[in-house]
Amino acid sequence: LFPQGQLLAKSWGSLFGGQPGAALRAPIYSFNGRNVLTDPLWPHRLAWHGSTPRGGHARRWDCQGWRSSGTAEGMATALGEGRLLAGHRHNCSTP
């Protein structure tokens with residue numbers, strides 16, 4: 001539970017291995033208080049994690065050492081996908 005009493009996921013396992021298309025049950029706020037799921041400042045709504053679907057380190061796809069002029073890719077998942085570590089490669093420059 002969040003301090004406000006909002007349930008993000010039913011369990012730790014459901015957060016990482018939930019059903020495709022499962023919606024988050026509560027808003028996710030950025031450090032400056034914006035709701036990442038609805039604010040237009042966050043057009044891609046990605047959770048960057050650099051992990052394999054089983055939670056291991058995706059060494060080639062973690063944006064480690066990335067520079068703004070580079071074309072590296074990292075693993076990220078759309079927040080509305082329901083499976084946090086499902087992941088797809090995205091350019092590390094993606095805001």
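Just so you know, these numbers come straight off a predicted model, no measurement behind them.

A.B. asks: Sorry if this is basic, but what is going on with the packing of aromatic side chains here?
C.D. replies: For any pair of aromatic rings, geometry is given as the distance between the ring centres together with the angle between the planes. Here the structure, examined in full by the defined rule, presents zero aromatic pairs. Positioned above the aromatic ring of Trp61 is the side chain of Arg89, whose terminal nitrogen or guanidinium carbon lies 4.2 Å from the ring centre.

A.B. asks: Would you mind going over the side chain of Thr77 with me for this structure?
C.D. replies: Looking at the secondary structure, you find Thr77 in strand 2 (residues 73–78). Given the relative accessible area of 0%, Thr77 is considered buried. Of the polar contacts made by the side chain of Thr77, one reaches the side chain of His49; its length is 3.0 Å. Not counting chain neighbours up to four residues away, the residues in contact with Thr77 comprise Arg45, Leu46, Ala47, His49, Arg83, Leu84, Leu85, Ala86 and Gly87.

Definitions and limits used
Residues numbered from 1 in each chain as written. Predicted model: local features only at pLDDT ≥ 70, side-chain atom pairs only at ≥ 80, totals over all residues. Heavy atoms only, no water. Phe/Tyr/Trp six-rings, centres within 6.5 Å; stacked < 30°, edge-to-face > 60°. Lys NZ or Arg CZ within 6 Å of the ring centre and 35° of its normal. Helix = DSSP H or I, 4+ residues; strand = E, 2+ residues; numbered from the N terminus. Buried < 20%, exposed > 50% of the residue type's maximum accessible area, 1.4 Å probe, protein only. Polar contact = N/O pair within 3.5 Å; in protein donor to acceptor, adjacent residues only side chain to side chain. Contact = heavy atoms within 4.5 Å.

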